Amino acid sequence: MDRLVNKRILLGVSGGIAAYKSADLVRRLQDAGADVRVVMTVSAREFITPLTMQALSGHPVHTDLLDPSAEAAMGHIELARWADLVLIAPASANLMARMAHGHGNDLLTTLCLATGAPIAIAPAMNQQMWADVATQRNLLMLQEKGVHVFGPASGSQACGDVGQGRMLEPMEILQAAAGVFDHQLLTGKHVVITAGPTREAIDPVRYITNKSSGKMGFALAEVAAEAGARVTLIAGPVNLATPSRVQRIDVIRAQDMYEASVAAVEQGCDIFIATAAVADYRPVVTADHKIKKSTEEVHLTLVKNPDIVAAISAHSKRPFTVGFAAETQDVVAYANAKLINKKLDMIATNDVSGTNVGFNSDNNALTVIWPDGHKVLPLASKRQIATQLMELIAIRYRQ
Ligand code: PMT
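Cut-off values and rules
- Residues numbered from 1 in each chain as written.
- Predicted model: local features only at pLDDT ≥ 70, side-chain atom pairs only at ≥ 80, totals over all residues.
- Heavy atoms only, no water.
- Pairing = 2+ DSSP bridges.
- Helix = DSSP H or I, 4+ residues; strand = E, 2+ residues; numbered from the N terminus.
- Axes fitted to C-alpha atoms, helices over the stretch in contact; angles between N-to-C directions.
- Contact = heavy atoms within 4.5 Å.
- Buried < 20%, exposed > 50% of the residue type's maximum accessible area, 1.4 Å probe, protein only.
- Right-handed = clockwise from strand over helix to strand, strands pointing away.
- Domains from an automatic or database assignment.
- Buried area = accessible area lost by both parts, 1.4 Å probe.
- Salt bridge = Lys/Arg side-chain N within 4 Å of Asp/Glu carboxyl O.
- Polar contact = N/O pair within 3.5 Å; in protein donor to acceptor, adjacent residues only side chain to side chain.
- Nonpolar A, V, L, I, M, F, W, Y, C, P; charged D, E, K, R; others polar.
- Expected span 1.5 Å × (residues − 1).
- Phe/Tyr/Trp six-rings, centres within 6.5 Å; stacked < 30°, edge-to-face > 60°.
- Lys NZ or Arg CZ within 6 Å of the ring centre and 35° of its normal.
- Parallel < 35°, antiparallel > 145°, perpendicular 65-115°, else oblique.
- Left-handed = near helix turned anticlockwise from the far one by under 90°.

(A) Just the sheet that holds strand E8 (residues 190-195), in detail. Across the sheet, 8 strands lie side by side as E12-E11-E8-E13-E16-E17-E18-E19; this open sheet has mixed pairing. The sheet terminates laterally at strand E12 (246-250) and strand E19 (373-381), the two strands that pair on one side only. Direction aside, neighbouring strands of the sheet carry axes that sit 15° apart on average. As paired elements, strand E16 (residues 320-327) and strand E17 (residues 346-351) share 6 bridges and run parallel to each other. Bridging from a neighbouring strand, glycine 323 pairs with isoleucine 347 of E17. Lying over the sheet, helix H13 (residues 331-341) contacts E16, E17 and strand E18 (363-370), oriented at roughly 150° with respect to E17. The sheet strands contacting helix H14 (residues 382-398) are strand E13 (271-274), E16, E17, E18 and E19, and the helix crosses E19 at an angle near 160°.

Here it is, written out as structure tokens:
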């Protein structure tokens, strides 16, 4: 059920006796790793209290469209944008009718109109109401709008009738909800990305580093999380905000980045992407105190740092391993050599001789090379380049 890990589920509860099952559903969704927020209609609150749902979800329950305090915390448009899936369970006949006809006369129906996320409903109602031609017409309209419909099941009903209209059990709804994310490129995959520079201390105030800003690696992390992956971002010292739903590990030295990378891979990693500009060498000795300006010349002895991406590609739990190459001449030839020498599955090379791409720029242009092919990704924003690169990685990874 790892397709629900990190997913943001907006659980809508409408009025009906099956509303009591939505409390269990909150738990099941959370156990599967989802982040759940609850929205209740007025009639849902006749069957189960917002306090119960708040206690279970760990977040305030949203009930009213025009509630100033709720709007101040997370406005309804923000909530609609926040969701990866709007899941309505139970969905009453009344709610289905309002959704089918595009009403926005309460918070839940407004969210359905305002969201770009997929919407799923788990209908629950009396069997005669379900069979009614109006409900069936509404159902068809919702399906035509792309709404996923989970159930209903057949069986004995709270009212004493027997027939179709029972809400699916929470576990069945959970599985169906996970299925909505099947199409995502990296759903359920663990992607580990290194980003930014490393810093190798000479003394307490001086260090060796480079111009990497971390922007390329952070853009990749953001795109991977949006494609459904669980993302671990191992970041050198950079001044960037952590992308949403990304687990960030901050490091300073190449040795720290190496250790964090190996630990992440040992936990189980599907794809490793080495975007970081790792210092190849570090001072053999780091002075305990600031080095004084006493002599005309100072000689630093440097020693090689571990090659992180090469170590990961040689690891017994080897993930699909992607390197980067920052070159100023013979870009493709040098990148090809790194692909072979570091035993990578793919390498993305950028020409960093200018200032409009590569280090610290908002844009990049890459030539992506793998053992039997290559693709040029022309100049674009790092975010766009990250999207294109991640698609290539996902395709090659699955082959
Ligand atoms: O951070 P930005 O400002 O957005 O800039 C992006 C970038 C230019 C840093 C990025 O696009 C890039 O090219 N990253 C790789 C930079 C680099 O150090 O390349 P390299 O050719 O020296 O290293 C080759 C590969 O080995 C890289 O994947 C690097 O992460 C890896 N490596 C290098 C040395 C080392 N000790 N360990 C490594 O894992």
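Back to the text.
(B) A look at the pairing of E16. With respect to burial, E16 is a largely interior element, 7 of its 8 residues being buried. Note: E13 against E16, 4 bridges, orientation parallel. By the bridge assignment for E16, phenylalanine 272 is matched with threonine 321. Crossover E16 to E17 through H13 is right-handed.

(C) Looking closely at the domain arrangement of the chain. As assigned here, the chain comprises domain 1 (2-178) and domain 2 (190-398). Distance between the C-alpha centres of domain 1 and domain 2: 43 Å. Each side of the interface is counted separately: domain 1 has 5 residues, and domain 2 has 5 residues. Among the residues domain 1 hides against domain 2, the three largest losses belong to Asn6, Lys7 and Arg8. Together they make up 78% of the total. Across the domain 1-domain 2 interface, the total number found is 1 salt bridge. With its nearest N and O atoms 2.4 Å apart, the salt bridge here joins arginine 245 to aspartate 84. Viewed at the interface, domain 2 and domain 1 are joined by 2 residue pairs in polar contact (both at pLDDT 80 or more). Tallied by class, residues from the side of domain 1 that touches domain 2 come to 1 nonpolar, 1 polar and 3 charged.

(D) Broad picture of the environment of aspartate 84. Note on placement: aspartate 84 falls in the loop between helix H4 (76-82) and strand E3 (85-91). Those residues within four positions of aspartate 84 in sequence are excluded, and the remaining contacts are Asn6, Lys7, Arg8, Ala117, Pro118, Phe181 and Arg245. Side-chain polar atoms of aspartate 84 contact the side chain of arginine 245, separated by 2.4 Å.

(E) The sheet that holds strand E5 (residues 148-149), seen in detail. With parallel pairing, 5 strands are arranged side by side in an open sheet as E2-E1-E3-E4-E5. Single-partner strands in this sheet number two, and they are strand E2 (35-40) and E5. One ladder, built from 6 bridges, connects strand E1 (residues 8-13) with E2; its direction is parallel. Following the sheet pairing, leucine 10 is matched in E2 by arginine 37. The strands that helix H9 (residues 170-180) touches are E3, strand E4 (119-123) and E5; relative to E3, the one it contacts most, it runs at about 155°.

(F) Representation of the environment of threonine 301 within the structure. Tracing the chain through its elements places threonine 301 in the loop between strand E14 (281-283) and strand E15 (302-304). For threonine 301, a relative accessible area of 55% corresponds to the exposed category. Measuring from C-alpha to C-alpha, the distance between threonine 301 and tyrosine 281 comes to 9.4 Å, with 20 residues separating the pair along the chain. Among residues more than four places away in sequence, those in contact with threonine 301 are Arg282, Pro283 and Val284.

(G) Broad picture of H14. Over its 17 residues, H14 extends 24 Å from the first C-alpha to the last, a length consistent with the 24 Å expected when each residue adds 1.5 Å. Turning to H14, its buried residues number three or more, namely Lys382, Ile385, Ala386, Leu389, Met390, Leu392, Ile393 and Ala394. Against helix H10 (215-226), E13, E16, E17, E18 and E19 lie the buried residues of H14.

(H) Up close: the packing of aromatic side chains. The tally for this structure, following the rule as stated, stands at 1 aromatic pair. With 6.1 Å between their ring centres and 90° between their planes, phenylalanine 320 and tyrosine 397 make a pair best called edge-to-face. Residue phenylalanine 320 is found in strand E16, and its partner tyrosine 397 is found in helix H14; the two are separated by 77 residues along the sequence. Relative accessible area serves as the criterion here: at 13%, phenylalanine 320 is assigned to the buried category. Its relative accessible area of 24% is what places tyrosine 397 among the partly exposed residues. Geometry around phenylalanine 181 places lysine 7 over its ring, the cationic atom sitting 5.1 Å from the centre.

(I) Structural context of the packing of helix H1 (residues 19-31) against H9. Between H1 and H9, the least distance of the axes is 9 Å, while the angle of their chain directions is 50°. Overall, the two elements H1 and H9 adopt an arrangement that is oblique. Here the hand of the crossing between H1 and H9 comes out right-handed. Residues Lys21, Asp24, Leu25, Arg28 and Leu29 of H1 form the contact with H9, whose participating residues are Pro170, Met171, Ile173 and Leu174. In terms of residue class, the contact of H1 with H9 is made up of 6 nonpolar, no polar and 3 charged.

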